[in-house]
Amino acid sequence: MVYLQGIWFDMQVLSSIWFRRIKGDTHKERLESFYGPQAQAYDHFRGNFLHGRRPLLSACASRLQQERGETRGEDLVWVDLGGGTAENVEIMSDYMDLQLFSKIIIVDMCGALCEVARQRVASKGWRNVEVVEGDACEFSPPPNVKAKLVTFSYSLSMIPPFMKAVDKALSYLDQKEGLLGVADFYTSSKYDLRPRQHGMMTRWFWRIIFDLDNIDVGPERRQFLDLRLRRIAEINSVGSIPYVPLLRAPYYMWIGQPRTTERADND
């Protein structure tokens with residue numbers, strides 16, 4: 001019964017991706033048009049598709065705990081931008097005690113996904129998790145609050161003014177200890193770092209495929225991350241796509257820290 005329900009959820013998502021036309025004059029309207037019909041089935045399908053999430057959250061959790069041990073920090077704040085249904089929070093609980101965070105803030109522009117997130121937060125009894133329906137490019141935590149962790153998990157490719165979103169995140173990321181982590185699909189530039197490099201057909205094919213869903217997987221986002229932050233970890237790989245044999249979509253995991261004067265002297 002559970003297996004059949006899972007297939008039904010997947011078919012809901014696939015029908016929305018393949019057959020439903022994305023409508024709307026604004027970015028928020030287009031997100032609601034795309035994700036609204038599949039919000040309740042969202043996590044089941046993407047759990048087998050978003051292969052970079054667990055490596056990202058595992059690596060971030062490891063680094064946070066290495067610095068802090070097992071003690072709860074009053075200033076340990078995590079902001080998950082484009083956090084959707086709060087699935088990332090549940091995954092993070094596999095790698096560290098969520099009570100170590102004084103605050104976890106999920107920010108997403110899509111109201112349908114935020115409603116699923118609120119239901120999950122209530123059912124799990126997470127008292128330190130807040131869901132904010134808003135724009136990652138405009139969101140700011142309360143005054144004097146600095147985030148130790150900011151993540152974009154398969155969301156940066158869907159934010160058109162991505163430079164504004166990254167710069168806004170850096171405005172409240174702790175400049176000494178903060179981590180900014182990203183997992184997403186990607187294609188390389190024509191001449192890129194060797195571990196990232198794709199051939200012409202790969203670059204052409206995946207940019208067109210993802211563009212159909214308003215997802216930009218070009219190299220510009222990671223180039224900007226490399227410019228604005230100091231890269232400390234990176235994975236480049238490919239992952240399978242549910243119900244699509246043979247094809248494997250390229251994805252990356254990337255973690256960086258602010259470029260402080262002290263770090264620049266040591267690099």
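Structure: see above.
None of the values given here were measured: they were computed from a predicted structure.

Q: How would you explain the nonpolar core if you had to name every residue and give the values?
A: In terms of nonpolar packing, the biggest core is built from 42 residues, with Trp78, Val89, Met92, Met96, Phe101, Phe185 and Ile255 touching the most fellow members. In terms of nonpolar packing, the next biggest core, distinct from the first, is built from 29 residues, Cys137, Phe162, Leu170 and Trp254 among them.

Q: Which residues make up the pairing of strand 2 (residues 103-108), and what values go with them?
A: Of all six residues that make up strand 2, five are buried, and the element is covered over most of its length. As judged from the five bridges shared by strand 1 (residues 77-81) and strand 2, these two strands associate in the parallel manner. Bridging across to strand 2, tryptophan 78 finds its partner in isoleucine 104. At this point the chain moves from strand 1, through helix 5 (residues 87-92), to the parallel strand 2, and the crossover so formed is right-handed. Where the polypeptide runs from strand 2 across helix 6 (residues 111-124) and back to strand 3 (residues 129-133), its parallel neighbour, the crossover connection is right-handed.

Q: An account of the packing of helix 7 (residues 162-172) against helix 9 (residues 220-228) is needed here, citing residue identities and associated values.
A: It is the contact of helix 7 with helix 9, at a shortest axis distance of 10 Å, that shows an interaxial angle of 30 degrees. By the angle class used here, helix 7 and helix 9 are roughly parallel. Crossing angle aside, the handedness with which helix 7 passes helix 9 is right-handed. Only Glu220, Arg221, Phe224, Leu225 and Arg228 of helix 9 make contact with helix 7, whose side of the interface consists of Phe162, Met163, Val166, Asp167 and Leu170. The residue makeup of the contact of helix 7 with helix 9, split by class, is six nonpolar, no polar and four charged.

Analysis parameters
- Residues numbered from 1 in each chain as written.
- Predicted model: local features only at pLDDT ≥ 70, side-chain atom pairs only at ≥ 80, totals over all residues.
- Heavy atoms only, no water.
- Core = buried A, V, L, I, M, F, W, Y, C linked by side-chain atoms within 4.5 Å.
- Buried < 20%, exposed > 50% of the residue type's maximum accessible area, 1.4 Å probe, protein only.
- Helix = DSSP H or I, 4+ residues; strand = E, 2+ residues; numbered from the N terminus.
- Pairing = 2+ DSSP bridges.
- Right-handed = clockwise from strand over helix to strand, strands pointing away.
- Axes fitted to C-alpha atoms, helices over the stretch in contact; angles between N-to-C directions.
- Parallel < 35°, antiparallel > 145°, perpendicular 65-115°, else oblique.
- Left-handed = near helix turned anticlockwise from the far one by under 90°.
- Contact = heavy atoms within 4.5 Å.
- Nonpolar A, V, L, I, M, F, W, Y, C, P; charged D, E, K, R; others polar.

Everything listed here is a matter of coordinates, which is why it stays silent on function.
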